[in-house]
Amino acid sequence: MNAPERHFPTTATRVDHLVIAELIPPGVRVLDVGCGDGELLALLEATRGIDGRGIEISQKGVNECVARGLSVIQGNADTDLADYPEDAFDFVILSQTLQATHRPRLVVEQMLRIGEKAIVSFPNFGHWRIRGKLLFNGAMPVTRSLPYTWYDTPNIHFCTIRDFVALCDEVDARIEKAVALNGAGQRIALNAPWWFWNLFGQQAVFLLSR
């Protein structure tokens, strides 16, 4: 029987995935939580040679991952991370999924329990365009990073970069590195203060450790 076809990265790869890939050393053990169709895992296996695993809530996503030849199981980030032992992975990743979890604080705590380091990326609800649409339109905004209408969105806990930094303080997580991206996918200056990132960053990527 032929091995499943591997899908390698293309120019359409999500910009936060490219940032995450830069943070991952070669050959490490990685768990991708809420891995979707497996795009990030496939990228990391192709470019970093990782020992990758994934957990995904939708059966459709699991099927797509398996078709890519990835090791992924069906599971819920809110409840099933508790089944993993401590320090089972070098890196645990949560990419654009934090806002869809029911208990984001617990999820981050579990990530730091089962992984030496955690990487979290999320859309920033504090971006100036979102603030402006709420202020002037009086309706929940629809943007490139938040493309759903209020009645069909999977997102249940919107947060800002400032909110996430406060959460890191609450769970005693050390922020080793953070990257904010503007609407064009370009990095905002590293020496910019948090309030500037919170206003102009459309999405963010954080590297955390215990």
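Note that this is a predicted model, so its numbers are computed, not measured.

## As for the overall build of the protein
In terms of helices and strands, the protein carries eight helices and seven strands. Classification of the 210 residues of the protein by burial places 48% in the buried group. Across the protein, every contact between residues at least 6 apart in sequence was considered, and the portion connecting residues at least 24 apart equals 66%. Summing over all exposed atoms, the protein offers an accessible surface of approximately 10800 Å²; the carbon and sulfur share of this is 54%.

## A few points about the state of the cysteines
Counted according to the given criterion, the structure contains zero disulfides. The structure places no disulfide on Cys35, whose sulfur is separated from the nearest cysteine sulfur, that of Cys65, by 3.9 Å. Take Cys159: it sits in no disulfide, and the sulfur closest to it among the cysteines is that of Cys168, at 9.7 Å.

## A few points about the side chain of Gln96
Relative to the helices and strands, Gln96 resides in the loop between β4 (89–95) and α5 (104–114). Polar contacts involving the side chain of Gln96 include one to the side chain of Gln203, which spans 2.9 Å. Those residues within four positions of Gln96 in sequence are excluded, and the remaining contacts are Arg14, Asp16, Ser121, Phe122, Pro123 and Gln203.

## A word on α5
Within α5 the residues assigned to the buried category are Pro104, Val107, Val108, Gln110, Met111, Leu112 and Ile114. For α5, the secondary structure elements touched by its buried residues are β1 (29–33), α4 (77–80), β4, β5 (115–123), α7 (161–170) and β7 (203–209).

## Notes on the nonpolar core
Counting residues in each nonpolar core, the largest one holds 34 residues, and the members touching the most others are Leu31, Phe164, Phe206 and Leu208. Those elements that place two or more of their residues in this core are β1, β4, α5, β5, α7, β6 (174–181) and β7. When residues no more than four places from it in sequence are discounted, the contact partners of Phe206 are Ala118, Ile119, Val120, Phe122, Ile161, Phe164, Val165, Ile175, Lys177, Ala178 and Trp194. One finds Ala21, Leu44, Ile50 and Val205 within the second-largest nonpolar core, a separate group that totals 24 residues.

## Some details on the pairing of β1
In the case of a regular strand, side chains alternate between the two sheet surfaces. For β1, the buried fraction is high: four of the five residues fall into the buried class. Relative to strand β2 (residues 51–56), β1 runs parallel, the two being bridged by five bridges. Its bridge partner lying in β2, Arg29 is registered against Asp51. With helix α2 (residues 39–48) bridging β1 and the parallel β2, this β-α-β connection has right-handed handedness.

## Points about the sheet that holds β4
Within the open sheet, the seven strands sit side by side as β3-β2-β1-β4-β5-β7-β6. Their pairing is mixed. With one partner strand each, in any of the chains shown, β3 (72–74) and β6 form the two edges of the open sheet. When the angles between neighbouring strand axes are averaged without regard to direction, this sheet yields 15 degrees. Where β5 meets β7, seven bridges bridge the pair, whose relative direction is antiparallel.

## Thoughts on the environment of Leu41
For Leu41, the location among the structural elements is in helix α2. For Leu41, a relative accessible area of 0% puts it in the buried group. Separated by 11 residues in the primary sequence, Leu41 and Gly52 have C-alpha atoms spaced 6.5 Å apart. Setting aside its immediate chain neighbours within four residues, Leu41 contacts Asp32, Cys35, Ile50, Gly52, Arg53, Gly54, Leu70 and Val72.

## Focus: the environment of Leu31
Residue placement: Leu31 occurs in strand β1. The class for Leu31 is buried, based on a relative accessible area of 0%. Considered as a pair, Leu31 and Ile114 are 83 residues apart in the sequence and their alpha carbons are 9.3 Å apart. Once residues lying within four places of it in the same chain are set aside, the contact partners of Leu31 are Arg53, Gly54, Ile55, Leu81, Tyr84, Phe89, Phe91, Val92, Ile93 and Ile114.

So, how was this worked out
- What you see as residue numbers is a count from 1 along each chain, following the sequence as written.
- In view of the model being predicted, local features appear only for residues whose pLDDT reaches at least 70, and side-chain atom pairs are presented and counted only at 80 or more, with totals across whole chains, interfaces and linings using the full set of residues.
- The basis for every side-chain value is the complete set of non-hydrogen atoms in the structure, without hydrogens or water.
- Secondary structure counts use DSSP, requiring at least four H or I residues in a row for a helix and at least two E residues in a row for a strand, with both numbered from the N terminus.
- Relative accessible area decides the class of each residue, using a 1.4 Å probe on protein chains only: under 20% of the type maximum gives buried, over 50% gives exposed, and in between gives partly exposed.
- Throughout, a contact is declared for two residues whenever any of their heavy atoms are within 4.5 Å.
- Computed with a 1.4 Å probe, the accessible areas rest on the Shrake-Rupley method; for each residue, only the protein chains presented here act as cover.
- When two cysteine sulfur atoms are found within 2.5 Å, that pair is recorded as a disulfide.
- Polar contact criterion, stated in full: a pair of N or O atoms within 3.5 Å, where within protein one must be able to donate a hydrogen and the other to accept it, and residues adjacent in sequence count only if both atoms are side-chain atoms.
- Here, nonpolar core means buried Ala, Val, Leu, Ile, Met, Phe, Trp, Tyr and Cys residues that are tied together by side-chain atoms lying within 4.5 Å of each other.
- When DSSP finds two or more bridges between a pair of strands, those strands are recorded as paired.
- Crossovers are described as right-handed under a simple rule: with the strands pointing away from the observer, the path leading from the first strand over the helix to the second runs clockwise.
- To get an axis, fit a line to the C-alpha atoms, keeping to the stretch in contact for a helix; angles then go from 0 to 180 degrees between the N-to-C directions.

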